[in-house]
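# What the coordinates show
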Amino acid sequence: QVHLVESGGGLVQSGGSLRLSCTASGSPYSIFATVIMGWYRQAPGKQRELIASIALNGDTTYADSVKGRFAISRNNDKNTIYLQMNSLKPEDTAVYYCNTGGPPGKPGNYWGQGTQVTVSS
């Protein structure tokens, strides 16, 4: 079992920045499930979408909608990933979820509780 805890959401004006964090914890064996970690978001009335992921070796992927504005990183010693969000737009407003345990590009079984990001115009 892997437990994910997110932090860092909030209210920001358009053009502003926020940094999300997600820390994974669990048994030493279960931490191997965190080879791929990612950030998803779900806006009201929309499906949850993958916006960024990072592998244990640091390889990253981004959705086109956030490419060039968001940056995902990880600290393996702390079992933590980050999402630096710059040039935020109102359409970035959503609940952001940390996820792990799945193959590249697909969600795994472990989700964080979600953190609200609201971008005002």
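Residues numbered from 1 in each chain as written. Predicted model: local features only at pLDDT ≥ 70, side-chain atom pairs only at ≥ 80, totals over all residues. Heavy atoms only, no water.

## Thoughts on the pattern of salt bridges
Enumeration according to the criterion identifies four salt bridges in this entry. Glu49 serves as the salt-bridge partner of Arg41, at 2.9 Å between the closest nitrogen and oxygen. What makes Arg41 buried here is its relative accessible area of 6%. Taking the relative accessible area as the measure of exposure, Glu49 reaches 33% and is therefore partly exposed. Here Arg69 ties to Asp92 by a salt bridge, and the two come within 2.8 Å at their closest N and O atoms. You can see Arg69 sitting in the loop between β6 (60-62) and β7 (70-75) and its partner Asp92 sitting in the loop between β8 (80-85) and β9 (94-100), a full 23 residues away along the chain. (Salt bridge = Lys/Arg side-chain N within 4 Å of Asp/Glu carboxyl O. Buried < 20%, exposed > 50% of the residue type's maximum accessible area, 1.4 Å probe, protein only. Helix = DSSP H or I, 4+ residues; strand = E, 2+ residues; numbered from the N terminus.)

## Things to note about the pairing of strand β4 (residues 36-42)
The element β4 is largely enclosed, with a buried count of six among its seven residues. Linking two consecutive strands that pair antiparallel, namely β4 and strand β5 (residues 49-55), is a turn of six residues; a positive phi of about 75 degrees is found at Gly45 within it. Of the strand pairs in this sheet, β4 and β9 are connected by six bridges, and their pairing is antiparallel. For Arg41, the partnering residue across the bridge sits in β9 and is Tyr96. (Pairing = 2+ DSSP bridges.)

## Looking at the side chain of Arg74
Relative to the assigned elements, Arg74 resides in strand β7. It turns out Arg74 is buried and unbridged, and the closest side chain with the opposite charge, Asp77, is 9.9 Å from it. Engagement of the side chain of Arg74 in a polar contact is seen with the backbone oxygen of Ala55, the distance being 3.4 Å. Not counting chain neighbours up to four residues away, the residues in contact with Arg74 comprise Thr34, Val35, Met37, Ile54, Ala55, Leu56, Thr80 and Ile81. (Lys, Arg positive; Asp, Glu negative; His and termini not counted. Polar contact = N/O pair within 3.5 Å; in protein donor to acceptor, adjacent residues only side chain to side chain. Contact = heavy atoms within 4.5 Å.)

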